[in-house]
Amino acid sequence: MKTKLFCGEEISCLGMGNMRLPVNDEKKIDFDAAAAIIDRLYNSGVNYFDTAYVYHGGESESFLGKAMKKYPRESFRLATKFPYFVGKAPTEVFEEQLKKLDTDYVDFYLLHAVGDSNADGYLNEGALDYFREQKKLGRIRHLGFSFHGSLDTLRRFVAANDWDFTQIQLNYMDWTLQHGKEQYEILTEAGIPVVVMEPVRGGRLAKLTPDTEAELKAVHPDWSLPSWAFRFLMRLPNVKVILSGMSTLEQAEDNAKTFTEGEALSDEDTALLLEVCERYKKQVSVPCTGCRYCVDDCPMGINIPEMMEIYNKFKLNGRHAAKAIEKQEPNAKDCIGCGACAALCPQGIEIPKVMEELREAVKED
Ligand code: SF4
Ligand code: SF4
């Protein structure tokens, strides 16, 4: 297993994220199946296990505490997070976490999902002071934050404390799409080591379109798509741990293999991967230019270009992004499929089909 020096410790480059554990019919964590994944990873040298107060409806921390019990405490690192957004006092959450994890200390502790709307809350309402104090007491060994916000907020948050590490969403698609490159550069410049979350974009980069997938397979037939994603991140020296939320033993096997035998992508393979990613984005998106030729003839008065923009986000980010149509009235759900718009679209977009897909995506299961 590849390791890196991270906060002065030798830590595995692959970390286990405990937010997508296998579950049973009642949607509860399947202890035996999930523990088998942990055991497989631990035995291949993984020593970084990440969880959070809110994962699996609060069950993930208790699971991890039990699953790790058979291993010497000093042989692995636990990472967990404080969620400002649940509205509980830091002391209440932290004491509960130590109990659930069955430990006296947390190795890597994060303020969870810092963003534009909660950054001030984290900084000014006592959470940061409380966790700094816990670090002084030795109950937290390294203090950091996970981040989902704008570059301005990131800069401000970085300057607010002497952080030991941080966790950001990074993968070859978000390198350009969600300011991934800029976030990485801000943190590297500030000397803050990076843990990566969503390296495979919540599983979305584990499946591309058939021809983009074939382009990658043609170059390295024995590499899985997640392996391409991990190798892209291995190029970045300030990325210390890459978290993967594994749900099956097969994923654990494949990931352990990549992080044991695999090397970082070459410049040539990186250029190919970024090109393939651009082609993939075009293939799954509609090429709406926002010209609005279609708008006036819609009998339902739907803001069609807005729906097209939401559709593209939905194709890249998943079903939850389609929910944004409901902020507009009228929206894709009101489309009667008359086709007046499609006849006027210079890009040849099959607008009624797009509307139907959006409608289906927002239907509850
Ligand atoms: S197909 Fe739907 S979106 Fe297009 S013009 Fe008719 S009602 Fe409007
Ligand atoms: S006519 Fe086509 S390209 Fe122009 S705004 Fe409508 S959907 Fe988009």
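What you see is a predicted model, and the numbers here were worked out from it, not measured in a lab.

Colleague: Could you give an account of the sheet that holds strand 10 (residues 239-244), naming the residues involved and the relevant values?
Modeller: On the basis of which strands lie adjacent, the closed barrel formed by 8 strands has the order 3-4-5-6-7-8-9-10 and parallel pairing. Each adjacent strand pair in this sheet contributes to an overall mean axis angle of 30°, direction not counted. Summarising the sheet, strand 8 (residues 165-169) and strand 9 (residues 194-197) pair through 4 bridges and their orientation is parallel. Paired with T166 across the bridge in strand 9 is V194.

Colleague: An account of helix 2 (residues 60-67) is needed here, citing residue identities and associated values.
Modeller: The periodicity of an α-helix, 3.6 residues per turn, causes residues three or four positions apart to be oriented the same way. Every buried residue of helix 2 is accounted for by S60, E61, F63, L64 and A67. All buried residues of helix 2 project into a common sector of 160° when viewed along the axis, lining one side. Residues of helix 2 that are buried in the fold lie against helix 1 (31-43), strand 4 (48-50), strand 5 (77-82) and helix 3 (90-101).

Colleague: Describe the site of ligand 1, with residues and values.
Modeller: As a matter of local geometry, ligand 1 sits amid 15 residues, with C298, C335, C338, A340 and C341 nearest to it. Listing elements by their share of the shell around ligand 1, those giving two or more residues are helix 14 (340-344) and helix 15 (351-362). Per-element tally for the shell around ligand 1: the top contributor is helix 15, with 3 residues. Residues belonging to the shell around ligand 1 are distributed by class as follows: 13 nonpolar, 2 polar and no charged.

Colleague: Now, about the nonpolar core: what can you tell me, with residues and values included?
Modeller: For soluble globular proteins, nonpolar side chains are generally found buried alongside one another. F49, V196, V241 and I242 are the most contacted members of the largest nonpolar core, which has 74 residues in total. In terms of residues, this core owes the most to one element, strand 6 (residues 106-114), which gives 6 residues. Setting aside anything within four residues of it in sequence, one finds I242 in contact with C13, L14, G15, V196, P199, F230 and L233. By size, the runner-up hydrophobic cluster in this structure holds 18 residues, among which are I310, I325, C341 and I351.

Colleague: Would you mind going over the site of ligand 2 in detail, with residue names and values included?
Modeller: Around ligand 2, a shell composed of 15 residues is seen, among which C288, C291, C294, P305 and C345 lie nearest. Taken together, the residues that form the shell around ligand 2 break down as 11 nonpolar, 3 polar and 1 charged.

Colleague: Hey, could you go over the environment of S227 for me, with residue numbers and the actual values?
Modeller: Its place among the elements puts S227 in helix 10 (residues 225-234). Residue classification places S227 among the buried positions, given that 22 C-beta atoms sit within 10 Å. Sequence spacing of S227 and K69 is 158 residues, and the spatial spacing of their C-alpha atoms is 30 Å. With near-sequence residues (within four places) excluded, S227 lies in contact with D254, T258 and G262.

Colleague: With reference to specific residues and values, describe the pairing of strand 2 (residues 9-12).
Modeller: Pairing between strand 1 (residues 3-6) and strand 2: 4 bridges, direction antiparallel. Its bridge partner lying in strand 2, F6 is registered against E9. The hairpin formed by strand 1 and strand 2 contains 2 residues between the paired strands, and C7 there has a positive phi angle of roughly 50°.

Quick notes on the rules
Residues numbered from 1 in each chain as written. Chains lettered and ligands numbered in written order. Predicted model: local features only at pLDDT ≥ 70, side-chain atom pairs only at ≥ 80, totals over all residues. Pairing = 2+ DSSP bridges. Helix = DSSP H or I, 4+ residues; strand = E, 2+ residues; numbered from the N terminus. Axes fitted to C-alpha atoms, helices over the stretch in contact; angles between N-to-C directions. Buried ≥ 20, exposed ≤ 12 C-beta atoms within 10 Å, placed from the backbone. Arc of directions from axis to C-beta. Contact = placed C-beta atoms within 7 Å. Near = placed C-beta within 6 Å. Nonpolar A, V, L, I, M, F, W, Y, C, P; charged D, E, K, R; others polar. Core = buried A, V, L, I, M, F, W, Y, C linked by C-beta atoms within 7 Å.

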